[in-house]
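# Commentary on secondary and tertiary structure
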Amino acid sequence: MKSRENDSPGSVRDGAGEPGLPDGPAEFHTIGPDQQTFAALGRWVPEYGDLFCVQSRDRRDPSLVVSSPDYLKHILLSNHENYAKGVGFERVKMLLGNGIIVSDGEDWRRQRTMMQPGFSRANIARLSQPMRGQNQALRDQWRLLADTGQTIDITTAMSRLGLEIILRSIFSSDLDRMVDQEGGNPFAFLAEDTTRDIQTAVRFRNLARLTLWLVADRRGTGERPFDFLSLLMDARDRKSGAGMTDKELLDEVNTLIIAGHETSAGTLNWVWYLLSQHPDVEERLLTELARVTPGDDFSFDQLMDLNYTACVLKETLRLYPPVWLFSRRARQEDHLGEFRVPAGAHIFIAPYFLHRRPALWPDPERFDPDRFDESRSPPVDRFAFIPFSAGARRCIGDYFSFVEMQMHLALLAPRFELSLEVQSSLGPSEPITLDPAVNLRTLHSIHLKVRHRNAP
Ligand code: HEM
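The structure contained in this document is the topic of the report that follows. Note that the coordinates shown come from a computational prediction; the quantities given were computed from them, not determined experimentally.

Reading the values: the criteria
- Residues numbered from 1 in each chain as written.
- Predicted model: local features only at pLDDT ≥ 70, side-chain atom pairs only at ≥ 80, totals over all residues.
- Heavy atoms only, no water.
- Core = buried A, V, L, I, M, F, W, Y, C linked by side-chain atoms within 4.5 Å.
- Buried < 20%, exposed > 50% of the residue type's maximum accessible area, 1.4 Å probe, protein only.
- Helix = DSSP H or I, 4+ residues; strand = E, 2+ residues; numbered from the N terminus.
- Contact = heavy atoms within 4.5 Å.
- Phe/Tyr/Trp six-rings, centres within 6.5 Å; stacked < 30°, edge-to-face > 60°.
- Near = heavy atom within 4 Å.
- Polar contact = N/O pair within 3.5 Å; in protein donor to acceptor, adjacent residues only side chain to side chain.
- Nonpolar A, V, L, I, M, F, W, Y, C, P; charged D, E, K, R; others polar.
- Arc of directions from axis to C-beta.
- Pairing = 2+ DSSP bridges.
- Axes fitted to C-alpha atoms, helices over the stretch in contact; angles between N-to-C directions.
- Parallel < 35°, antiparallel > 145°, perpendicular 65-115°, else oblique.
- Disulfide = S-S within 2.5 Å.

## A short note on the nonpolar core
- Counting residues in hydrophobic clusters, the biggest one holds 114 residues, and the most contacted among them are L41, W142, M158, F171, F204, I257 and W272.
- Top contributing element to this core by residue count: helix α12 (residues 246-277), with 13 residues.
- Beyond its immediate sequence surroundings of up to four residues, L41 is in contact with P46, F52, V65, W324, L325, A350 and F353.

Here it is in structure tokens:
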């Protein structure tokens, strides 16, 4: 691979001497979560591979795009302290203040250590009970729709379900108090309006008063219903013994709401679509569900025994990782193989394109859940598959989301067949188009016709 001798564009050299920047496209481009970047990376990752440099007129420091599992391991795990959160997080900050997803250094470490126990297996097992109830309620709605041969806007349905699940997990029955007080679910707009612009940010931040009211109420009464809010309120710093301030609680609650609903919802949207296109996979999924989680009363351990279902979810996350692009910023100079990473360099990691590299994934465009079945395929390199990122800042909600998604499939998939008869809200001829914003979504809602399984 060629390398650039210094930071000025075009000064390319081969061979020995001081390590330089990697080569890259001649054109200028400012990488960001948008359609232009998505199209550009679709050309450049296959062409330049593991590591390349993109010049930008808007950024003084070089932008490096990293798609090599070894280099990713270095950035995300071995030397992660050298890499702070990068560009793109300013917009997230508008929504989430200094919550765990945007914070860095000591602030982040403290928050992560305090929050991590809340995500234990035992806690998630308890939270799976309301998840079951919410999916059973959805099943009742779908039953009526199937009776009358209707179509479901699966994109919106999954978004609402994801939001409802995370809100119940955070506020438990106090969500009902908020709904009563406000005359409706005050957070509902988050499932309908996915633009996440400044207006949404303002509207969302205005809901702070509700969370702070609940915090004050629980502090006053000492009541701690089992939910994330109570777990956060009772979390203590290991060294000082201090709990979170109201502002910290608010930022973390907001982080869990945003980080916790769109991602799982987006994945389930794709799962239903992919199942509708792959009857062979669907059949194997149904066979497993009938064997491992029959009926309604399966246990949490049974749910966790759904191996093929987990492979289907992983393969969906490989092809359509909701967080398709994320970034870091080098604090100090570093090296990746023979190349130099200057202090201040922007690092871009694009799971969508990493997950489709033929060098890492044979026949990468094919939907094949067996890739993740170790009895059939070689183990997957954990830095080649990073829908949840990896290393120290790996998603804290990865296990929660698998429980949530497996619960949904276990309760809904055996009862309903969803088929693609109208491709999108625009009509049958409109292909499913990706919308690569902060999260990877479908540009238009996917509409699926719902039928009872085994119905005549
Ligand atoms: C399919 C579902 C999900 C996907 C694909 C996903 C993906 C990710 C990714 C890629 C990151 C790392 C971002 C970065 O380092 O720049 C992340 C972080 C995070 N996620 Fe998730 N996520 C999912 C579900 C959830 C859920 C359900 C929750 C909460 C219940 C959650 C909460 C968080 C939090 C708090 C962080 C920040 C962790 C830290 O910085 O220490 N996520 N997620």
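Having put the structure on the table, let's press on.
## Here we look at the packing of aromatic side chains
- Tallying each qualifying case throughout the model produces 17 aromatic pairs.
- Between W361 and F372 the ring centres are 5.9 Å apart and the planes differ by 40°, which places this aromatic pair in the tilted class. One end of the pair, W361, is in the loop between α16 (351-354) and α17 (398-412); the other, F372, is in the loop between α16 and α17, with eleven residues separating them in the sequence. F372 shares its class with W361; the two are buried.

## Notes on the site of the ligand
- Of all residues adjacent to the ligand, which total 28 residues, the nearest are K85, W108, R112, R328 and C395.
- At 3.0 Å, a side-chain N or O of K85 approaches an oxygen atom of the ligand.
- R112 is positioned with one of its side-chain polar atoms (N or O) 2.7 Å from an oxygen atom of the ligand.
- The set of elements that each furnish at least two residues to the shell around the ligand consists of α4 (105-115), α12, β8 (326-330) and α17.
- The leading source of residues in the shell around the ligand is α12, at seven residues.
- Here the residues of the shell around the ligand sort into 16 nonpolar, eight polar and four charged.

## Re helix α9 (residues 198-205)
- Among all positions of α9, only T200, A201 and F204 are buried. Down the axis of α9, the buried set is contained in an arc of 100°. They therefore lie on one face. Seen from the open side of α9, the exposed residues pointing more than 90 degrees away from its buried face are I198 and Q199.

## Considering the sheet that holds strand β11 (residues 346-349)
- Strand order in the open sheet made by the five strands is β4-β5-β11-β8-β6, with mixed pairing throughout. Two strands lie at the open edges of the sheet, namely β4 (51-54) and β6 (83-85), each paired on one side alone. Averaged over all adjacent pairs, the angle separating strand axes in this sheet is 35°, with direction ignored.
- Of the strands in this sheet, β4 and β5 (63-66) touch helix α1 (residues 35-48), which is tilted by about 135° from β4.

## A closer look at the environment of A343
- Tracing the chain through its elements places A343 in the loop between β10 (339-341) and β11.
- With relative accessibility at 41%, the residue A343 sits in the partly exposed group.
- Counting along the chain gives 14 residues from A343 to R329, while the straight-line C-alpha distance between them is 8.1 Å.

## Structural notes on unusual backbone geometry
- Phi at S172 takes a positive value of approximately 40°, unusual for a residue other than glycine.
- Along the chain, S172 falls in the loop between α6 (154-171) and α7 (174-182).
- Phi is positive for D363, close to 45°, though the residue is something other than glycine.
- Tracing the backbone shows D363 in the loop between α16 and α17.
- Here D363 falls in the partly exposed class, since its relative accessible area comes to 46%.

## Regarding the packing of α4 against α12
- Direction vectors running N to C along α4 and α12 enclose 70°, while the axes themselves pass 13 Å from each other. In this view, α4 runs roughly perpendicular relative to α12, as classed from their interaxial angle. Along the contact surface, α4 presents R110, Q111 and M115, while α12 presents E248, E252 and L256.
- Tallied by class, residues from the contact of α4 with α12 come to two nonpolar, one polar and three charged.

## Section: the state of the cysteines
- Inspection of the entire model under this criterion finds zero disulfides.
- With no disulfide of its own, C311 lies closest to C395 among cysteine sulfurs, the gap being 19 Å.
- Owing to a relative accessible area of 7%, C311 belongs among the buried residues under this scheme.
- Given a relative accessible area of 32%, C395 falls into the partly exposed group.

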